[in-house]
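Structural overview
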Amino acid sequence: FPFEKRSDSIPLSISQLPSVLKLFSIPEDSPQAKSMRETLEQCQAEPVAGESKTCANSIESMLEFVDKIIGSDSKHNVLTTSHPSPSAIPLQKYTILKVSHDISAPKWVSCHPLPYPYAIYYCHYIATGTRVFKVSLVGDVNGDKIEAVGMCHLDTSDWNPDHMIFRTLRIKPGKNVPVCHLLSINHLLWV
């Protein structure tokens with residue numbers, strides 16, 4: 001009974017969430033149930049303009065989507081943020097040491113892990129302009145070094161104005177309103 005078959009037998013649907021919660025003995029009012037609902041909402045939401053997306057539950061479905069976006073005839077590289085040393089303090093402030101030149105990525109696929117009882121990656125590509133780069137960081141507490149993958153989305157005019165990033169930065173989406181972010185550990189960027 002391969003893993004993918006097992007995950008395929010567990011519904012990835014909001015309407016089926018109560019039965020999935022029951023299957024895994026997860027209380028309906030728990031933080032885990034709330035996270036699972038948010039995962040399903042994100043997977044079932046309409047894409048923003050210019051976005052292609054999927055929720056992949058296997059490496060095969062992830063690669064199928066990557067091939068569809070980037071092309072199966074080209075060699076794919078995957079970029080990810082490096083893990084800090086085992087002695088690293090998980091949450092600390094970091095200082096930027098260096099930002100690389102742009103990494104050539106005319107087409108890319110970013111895959112983000114989502115909470116669910118099995119591995120789900122939200123994979124997407126946004127056709128509006130994007131810059132990809134690497135950032136060298138050093139931890140302010142004990143000097144831990146991390147190489148992070150960064151992205152700047154140059155046109156956010158079609159993004160949801162209620163997106164967390166706009167609330168956090170206190171800005172509104174727009175054609176000349178770039179949003180830059182670093183990928184967390186375990187997030188993947190296919191180029």
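Here the structure is a predicted model, which is why all the values come from computation and not from measurement.

The rules we used
Residues numbered from 1 in each chain as written. Predicted model: local features only at pLDDT ≥ 70, side-chain atom pairs only at ≥ 80, totals over all residues. Heavy atoms only, no water. Helix = DSSP H or I, 4+ residues; strand = E, 2+ residues; numbered from the N terminus. Expected span 1.5 Å × (residues − 1). Buried < 20%, exposed > 50% of the residue type's maximum accessible area, 1.4 Å probe, protein only. Arc of directions from axis to C-beta. Domains from an automatic or database assignment. Contact = heavy atoms within 4.5 Å. Buried area = accessible area lost by both parts, 1.4 Å probe. Salt bridge = Lys/Arg side-chain N within 4 Å of Asp/Glu carboxyl O. Polar contact = N/O pair within 3.5 Å; in protein donor to acceptor, adjacent residues only side chain to side chain. Pairing = 2+ DSSP bridges. Axes fitted to C-alpha atoms, helices over the stretch in contact; angles between N-to-C directions.

1. Here we look at helix H4 (residues 59–70)
- The end-to-end C-alpha distance of H4, which contains 12 residues, comes to 16 Å, matching closely the 16 Å that a straight helix rising 1.5 Å per residue would cover.
- Those residues of H4 that sit buried are Met62, Phe65, Val66, Ile69 and Ile70. An end-on view of H4 places all buried positions within 115° of arc, on one side of the element. Relative to its buried face, H4 has exposed residues pointing more than 90 degrees away, namely Glu64 and Lys68.

2. A closer look at the domain arrangement of the protein chain
- Domain assignment breaks the protein chain into domain 1 (1–45) and domain 2 (51–190).
- A straight line from the C-alpha centre of domain 1 to that of domain 2 covers 24 Å.
- Of the residues lining the interface, 17 residues belong to domain 1; the matching set on domain 2 comes to 13 residues.
- When domain 1 packs against domain 2, close to 1,300 Å² is buried across both sides, 64% of that on carbon and sulfur atoms.
- Scanning the region where domain 1 abuts domain 2 turns up 0 salt bridges.
- Our count for the contact surface shared by domain 1 and domain 2 stands at 3 residue pairs in polar contact (both at pLDDT 80 or more).
- Elements with a contribution of two residues or more to the side of domain 1 that touches domain 2: helix H1 (3–9) and helix H3 (31–44).
- Broken down by element, the residue count for the side of domain 1 that touches domain 2 peaks at 7 residues, all from H3.

3. A few points about the pairing of strand E6 (residues 130–139)
- The buried count for E6 comes to 8 of 10 residues, which makes it a mostly enclosed element.
- With 5 bridges joining them, strand E3 (residues 94–99) and E6 adopt antiparallel strand pairing. If you follow Tyr94 over to E6, its bridge partner there is Gly139.
- In this sheet, strand E7 (residues 145–153) lies alongside E6 in antiparallel orientation, the contact comprising 9 bridges.

4. Describing the sheet that holds E7
- Pairing within the open sheet is antiparallel, and its 4 strands lie in the order E3-E6-E7-E8. Strand pairing shows two members of the sheet lacking a second neighbour, E3 and strand E8 (179–182), which therefore form its edges. Each strand of the sheet is rotated relative to its neighbour by a mean of 35°, with strand direction disregarded.

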